[in-house]
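Structural characterization, general
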Amino acid sequence: MRIAEVIGTVTLSRCHPSLAGYRWIIGVPFSLQALKDDAAPDGEDFVILDEISAGNGQKIGVSEGVEAMMPFQPERKPVDAYCACILDNIEVK
């Protein structure tokens, strides 16, 4: 799981039928150093499926790869990144 900050939403004109009606957001991941320094996210932005209504500027936990489609089992969906949680506080020691 990676930690990312939400920077916007995505509007689709077409999508896979199994993903119709879902909300999509854009997130920028944090490196460990950025989290330690309480700095801005420094990764490359990517698109994330969101079912928990994460808002702009919020930090989220993102599952990727096979784990991203696990919430939909036994149904199979073509998802590569899933917003698993909204983080209230991050403490790195």
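Up top is the structure these notes are about.
This write-up is about the structure you can find in this document. The structure displayed is predicted, hence computed values, not measured ones.

Ala-4, Val-6, Ile-25, Phe-46, Ile-48, Ala-54, Ile-60, Val-62, Ala-81 and Cys-83 together form the largest nonpolar core, which totals 10 residues. Elements that contribute at least two residues to this core include exactly strand E1 (2–10), strand E3 (46–50), strand E4 (59–64) and strand E5 (81–87). Setting aside residues no more than four positions away along its own chain, Phe-46 makes contact with Arg-2, Ile-25, Ile-26, Gly-27, Pro-29, Val-62, Glu-64 and Ala-81. In this structure, Trp-24, Leu-49, Ala-68 and Val-79 belong to the second largest nonpolar core, which totals seven residues.

Backbone torsion omega between Gln-73 and Pro-74 reads 5°, so that peptide bond is classified as cis. Considering the arrangement of structural elements, one finds Pro-74 in the loop between E4 and E5. The backbone phi angle of Asp-38 is positive, close to 55°, even though this residue is not glycine. Structurally, Asp-38 is set in the loop between helix H1 (32–36) and E3. The backbone phi angle of Ser-53 is positive, close to 60°, even though this residue is not glycine. For Ser-53, the position within the fold is in the loop between E3 and E4.

With that out of the way, let us pick up the pattern of salt bridges. Under the defined criterion, the tally for this structure stands at four salt bridges. The salt bridge partner of Arg-2 is Glu-64, with a shortest N-O separation of 2.8 Å. With Arg-2 in strand E1 and Glu-64 in strand E4, the pair connects residues that are 62 residues apart, well separated along the chain. Take Glu-64: its relative accessible area is 29%, and that puts it in the partly exposed class. Across the pair Glu-75 and Lys-77 runs a salt bridge whose closest N-O atoms are separated by 3.0 Å. Overall, Glu-75 belongs to the partly exposed group, its relative accessible area being 43%. What makes Lys-77 buried here is its relative accessible area of 8%.

Enumeration over the complete set of coordinates arrives at two aromatic pairs. Geometrically, the ring pair formed by Tyr-22 and Phe-72 is edge-to-face, given 5.7 Å between the ring centres and 80° between the ring planes. Here Tyr-22, found in the loop between E1 and strand E2 (23–29), pairs with Phe-72, found in the loop between E4 and E5; they are 50 residues apart in sequence, far enough to count as distant. Ring geometry for Phe-72 and Tyr-82: centres 5.7 Å apart, planes at 85°, overall edge-to-face. Placement of the pair is Phe-72 in the loop between E4 and E5 and Tyr-82 in strand E5, with a sequence separation of 10 residues. The exposure class of Phe-72 is buried, given its relative accessible area of 9%. Here Tyr-82 falls in the buried class, since its relative accessible area comes to 10%. By way of ring pairs, the aromatic residues Tyr-22, Phe-72 and Tyr-82 are connected into one cluster. Here Arg-2 stacks its cationic end above the ring of Phe-46, 4.9 Å away from the centre of that ring. The lysine or arginine in question, Lys-77, covers the ring of Phe-72, its NZ or CZ lying 5.5 Å from the ring centre.

Thresholds applied
- Here the residue numbering is sequential within each chain, running from 1 through the sequence in written order.
- Given that the model is predicted, a residue must reach a pLDDT of at least 70 before its local features are reported, and side-chain atom pairs must reach 80 or more before they are shown or counted; all residues, however, enter totals for whole chains, interfaces and linings.
- By convention in this description, side-chain values take in all heavy atoms of the structure and omit both hydrogens and water.
- In this description, a nonpolar core means a group of buried Ala, Val, Leu, Ile, Met, Phe, Trp, Tyr and Cys residues linked to one another through side-chain atoms lying within 4.5 Å.
- Each residue is placed in one exposure class: buried if its accessible area under a 1.4 Å probe, protein chains only, is under 20% of its type's maximum, exposed if it is over 50%, and partly exposed if it falls in between.
- Labels follow the DSSP assignment, with helices taken as runs of H or I lasting at least four residues and strands as runs of E lasting at least two, numbered in each case from the N terminus.
- Whether two residues are in contact is decided by their heavy atoms: any pair within 4.5 Å suffices.
- Salt bridge, as used here: a side-chain nitrogen of Lys or Arg that lies within 4 Å of a carboxyl oxygen of Asp or Glu.
- Stacked, tilted and edge-to-face are the three classes applied to pairs of Phe, Tyr and Trp rings, where Trp contributes its six-membered ring and a pair requires centres within 6.5 Å; stacked means planes under 30 degrees apart, edge-to-face means over 60, and tilted covers the rest.
- Either the NZ atom of lysine or the CZ atom of arginine qualifies as a charge over a ring when it sits within 6 Å of the ring centre and within 35 degrees of the ring normal.

In short, the description is geometric, and any link to function would need to be established separately.
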